[in-house]
Amino acid sequence: MTITDIDFEAILRTFVAESEEHLTRMEEALINLEAHPDDQKSLEAIFRGAHTIKGNAASLGFAKVGEFAHAFEDMLQRLRTGVLSVTQTRITLLLRSVDALRQMIPDAITGVEDLQSNQQSLFNRLTNADDNEMPTAPAPRRNQSERRTNLVGRRREDVQAWIERAHTVRVDIAKLDRMLNLAGEIAVAHGRLRQVLETTVRQGSEAWQAQEQLERLSVDLQEQIMKVRMVPVGPIFRQYLRTVRDLAQANGKAARLGLEGEDVEVDLSMVEHLKDPLTQMIRNALDHGIEPPEVRRTNGKDPCGLVTLKAFHDGASIVIEIIDDGAGLNRERIAERVRLLGAAIDPDSLSDQELYKFIFEPGFSTAEKITDLSGRGVGMDVVKRNIEALRGTATIDSRRGHGTTITIRLPLTLAIIEGFGVGVGDETYILPLHCVRECLTLPDDEGHHANRCGVIDLRGAPVPYVRLRNWYALPGQRPARESIVIVEENGMQAGLAVDHLYGAHQTVIKPLGTHLKNLPGIAGSAILGSGRVALIVDVGSLMREAAHATPLNANQEW
Amino acid sequence: MSETRSAEQTQYLTFHLAREEYAVSILKVKEIIEYGTITIVPQTPPWIRGVINLRGNVVPVLDLAIKFGMSQSLITDRTCIVIVEVDMDGETTVMGVIADSVSQVIDLPPSDILAPPAFGTRIKVDFLHGMGKSDKKFFLILDIDKVLSIDELKITATLPNSQGEMTALKELSQEGT
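Residues numbered from 1 in each chain as written. Chains lettered and ligands numbered in written order. Predicted model: local features only at pLDDT ≥ 70, side-chain atom pairs only at ≥ 80, totals over all residues. Heavy atoms only, no water.

Colleague: Give a detailed account of the overall build of chain A, specifying residues and quantitative values.
Modeller: Counting its regular elements, chain A contains 20 helices and 17 strands. Roughly 26,800 Å² of accessible area belongs to chain A as shown, and the carbon and sulfur atoms make up 52% of that amount. (Helix = DSSP H or I, 4+ residues; strand = E, 2+ residues; numbered from the N terminus. Areas by Shrake-Rupley, 256 points an atom, 1.4 Å probe, with all protein chains shown as cover.)

In structure tokens:
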């Protein structure tokens, strides 16, 4: 490859990425325009997008793309000047034309210049604007994988912002991962250096000052790298504007998507895992949640349903809510299904929240599918799996006739955890700091026996605890005094009896590899300042496991 | 692909494990490190000794002696960890295996590799590339990709042996509820 080849490829890449950006914005604006036909700003935005694509395509020699964009622009011009009015049919036509452009651009780059038949008919319809006949061809499916690769890293850029664009760079995620890894390793190496200094050099000396400066800088570096990895949820959310519109139309319903908290940022690596669950939940909301317009009218609701995607920060978590104002969950039906599935628990004794959790069970959703019951559940286990893979949780709240809210809680980042170090024998374990409530000395009477589990009196309340040494069957002797860390997860409190408390610090999470992932009670690993590997405890799953152990087994001394 | 590779490559690393000598293709060996601190990973089969920090990466360390049904390796001054690159469904995974001692790197042209006998070897024939000979003694050439394949590691995990009882019992107690 010569330099010019590389340059040209870079230009093409930019063209593809930018066009995708414009098309997404145009899509968004079109949907907005449908709701507010008089919105000149949306019209302008669509027009600008088409115009830029036209110009770029022409300058790169993609004549057909240019022509198509020109026809698109022409049609908009007529809408802008009021020659034509904004109708649903025309919006649909324009949306399909956006799809067509999305296909044509990669096609043109790979050398396919000619219009496909559906593209040609769209082209004809664009140029012949009086054609008001309802288009019959099904909308071409958008190529999701392509969109996925192009999604990341694009935001805020606008057609007008050429200057700004010159200051942004697209970076491969793998490079960012590598940078974060290196920053983590620097922190580890630095920890070692400090240990050496502690034993060899007196505090306050020049070496110590240099060390302190190094510490500040490496913490800064890590923070900066973390920041680079964060992307706003807005562009992810906005993709669903179109999904909601198309699904609603296909189901004979009317619905729109409301967005809140578009500026909230999530870790880049989460974006991938969020797409499937969001799609699934939005689909469910439209299939089962939002009622047909006539039903909604009868019930005194706005005939157009509202699905809201909302993101906000809550402590160390990011919360994403999918809210619909539809029919809500049918408690009786879910209870019936739970009974049918032969669960050991009597559904009637459960609170709504507890009962709704069953929707996330894999068997539950299959059963619903077979009987074709109208209730949620199809594929909700996929949602749960994806969310759990992100160390997050999902809960459902619903009011009959008023709608359903699914709340997803995710850690701020997948790469770094605020951890609390505890020691058992030679091993160090890290507890996620957000679960840690307080630390106490294990009462003497509990220190006598060496059971795996026990109960302590925490200011009058009985709190169960797990002795990590016995639970994990670790070798070595118990110290005379043990400590207990009170942790809380999902509203349940428990204690973890350990030998030592090492305190809180930030740690970079390292995956445990193919063989060791999905271990119960272990969320991952981290490398300590000493260079040792410490395991990160999955407090929630440990507590669940402990709750399932029978008292006999639980107290048996291994 | 393994045929072409074995035709080209003639070097093997030999090591001792429970007083037996084994060999593994040098192309699979990334490095050999001293046995250091290993972090125990609870609730895993006994032949997973734990994980180590290999320059910022967390790498599992396995005890093949236990996996092959012998008693657990005793740690001595000469114990080391052979870091191998294993091909797993097309993905390269780095793992460590404990060796009582590492002996030598030997040249072994394909013509000198003997087919293993139908039975009588200490480990399953499936795990072997063949047998080699040095100083009038046979040694087993391991097909490390097969020994450490995901399926293999899973199957062994469910077989309780003397060391595995604890894990197995624990699993049972959880299933019983």
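Colleague: Outline the pattern of salt bridges, listing residues and values.
Modeller: Taken as a whole and judged by the stated rule, the model has 27 salt bridges over all chains. As a salt-bridge pair, A:Arg102 and A:Glu20 come within 3.2 Å of each other at their nearest N and O atoms. Here A:Arg102, found in helix 4 (residues 88-109), pairs with A:Glu20, found in helix 1 (residues 3-35); they are 82 residues apart in sequence, far enough to count as distant. Between B:Asp63 and B:Arg49 there is a salt bridge, with its nearest N and O atoms 2.6 Å apart. Of this pair, B:Asp63 sits in the loop between strand 5 (57-62) and helix 2 (64-67) while B:Arg49 sits in strand 4 (residues 48-54); the two residues are 14 residues apart in sequence, bridging distant segments of the chain. The burial state of B:Asp63 is the same as that of B:Arg49; both residues are buried. Among the charged side chains, a network of salt bridges with common partners joins A:Glu20, A:Glu27, A:Glu34, A:Asp99, A:Arg102, A:Arg242, A:Arg245 and A:Asp246. (Salt bridge = Lys/Arg side-chain N within 4 Å of Asp/Glu carboxyl O. Buried < 20%, exposed > 50% of the residue type's maximum accessible area, 1.4 Å probe, protein only.)

Colleague: I'd like a rundown of the pairing of strand 1 (residues 11-17) of chain B, residues and numbers included.
Modeller: Residues and elements named next belong to chain B. When you tally the buried positions in strand 1, you get five out of seven residues, the bulk of the element. By the bridge criterion, six bridges tie strand 1 to strand 8 (residues 101-107) in an arrangement that is antiparallel. Within the sheet, the bridge partner assigned to Thr-14 lies in strand 8 and is Gln-104. By the bridge criterion, six bridges tie strand 1 to strand 2 (residues 20-25) in an arrangement that is antiparallel. Within strand 2, the residue paired with Thr-14 across the bridge is Ala-23. The loop that links strand 1 with its antiparallel partner strand 2 comprises two residues; one of these, Ala-18, has a positive phi angle of about 45 degrees. (Pairing = 2+ DSSP bridges.)

Colleague: Any details on the sheet that holds strand 6 (residues 393-399) of chain A? Residues and values, ideally.
Modeller: The strands that make up a sheet pair up through hydrogen bonds in the backbone, lying either parallel or antiparallel. All names here are of chain A. One open sheet holds the five strands; their spatial order is 2-4-5-7-6, and the pairing between them is mixed. Where the open sheet ends on each side, the last strands, each with one partner, are strand 2 (255-260) and strand 6. Averaged over all pairs of adjacent strands, the angle between strand axes in this sheet comes to 15 degrees, irrespective of strand direction. Judged from the seven bridges that link them, strand 6 and strand 7 (residues 403-411) form a sheet pairing that is antiparallel. Bridging across to strand 7, Thr-395 finds its partner in Thr-407. Against the sheet, helix 11 (residues 268-289) touches strand 2, strand 4 (305-314), strand 5 (317-324) and strand 7, its axis set at about 20 degrees to strand 5. (Axes fitted to C-alpha atoms, helices over the stretch in contact; angles between N-to-C directions. Contact = heavy atoms within 4.5 Å.)

Colleague: Lay out the nonpolar core with the relevant residues and their values.
Modeller: By size, the foremost hydrophobic cluster in this structure holds 65 residues, and its most contacted members are A:Leu431, B:Phe68 and B:Leu148. Contacts of B:Phe68, omitting those with residues within four sequence positions, involve B:Leu17, B:Tyr22, B:Arg122, B:Ile123, B:Phe127, B:Leu142 and B:Val147. Core analysis: the second largest hydrophobic core is formed by 50 residues, A:Val264, A:Ile290, A:Val307 and A:Ile322 among them. (Core = buried A, V, L, I, M, F, W, Y, C linked by side-chain atoms within 4.5 Å.)

Colleague: Residues and numbers for the sheet that holds strand 13 (residues 483-489) of chain A, please.
Modeller: Residue and element names in this part refer to chain A. With respect to topology, five strands assemble into an open sheet ordered 10-13-14-12-11, the strand pairing being mixed. Either end of the sheet is taken by a strand with one partner, and the two such strands are strand 10 (436-441) and strand 11 (453-458). Going from strand to strand, the sheet's axes swing by 30 degrees on average, the running direction of each strand aside. In this structure, strand 10 lies alongside strand 13, joined through five bridges in antiparallel fashion. By the bridge assignment, Val-436 is partnered in strand 13 with Val-487. Sitting on the sheet, helix 19 (residues 539-548) touches strand 12 (461-467), strand 13 and strand 14 (492-498), and the angle it makes with strand 13 is about 100 degrees.

Colleague: A description of the confidence of the model for chain A should follow, citing residues and the corresponding values.
Modeller: In low-pLDDT segments, the atomic positions of the prediction should not be examined closely. Within chain A, residue pLDDT values average 78, and 83% of them lie at 70 or more. Low confidence marks residues 366-378 of chain A, where pLDDT is under 50. Its contacts with residues over four positions away, or in another chain, come to 27 contacts. (pLDDT = per-residue confidence, 0-100.)

Colleague: A description of the packing of aromatic side chains should follow, citing residues and the corresponding values.
Modeller: Residues and elements named next belong to chain A. Using the criterion set out here, one finds five aromatic pairs over all chains in the structure. With centroids separated by 5.2 Å and ring planes inclined at 40 degrees, the aromatic side chains of Tyr-429 and Tyr-472 adopt a geometry described as tilted. Taken together, the positions of Tyr-429 in strand 9 (residues 427-432) and Tyr-472 in the loop between helix 18 (468-471) and strand 13 put the pair 43 residues apart, joining distant regions of the chain. Residue classification places Tyr-429 among the buried positions, given a relative accessible area of 0%. Tyr-472 gets classed as buried once you look at its relative accessible area, which sits at 3%. Its end group placed over the ring of Phe-47, Arg-80 keeps NZ or CZ at 3.9 Å from the ring centre. (Phe/Tyr/Trp six-rings, centres within 6.5 Å; stacked < 30°, edge-to-face > 60°. Lys NZ or Arg CZ within 6 Å of the ring centre and 35° of its normal.)

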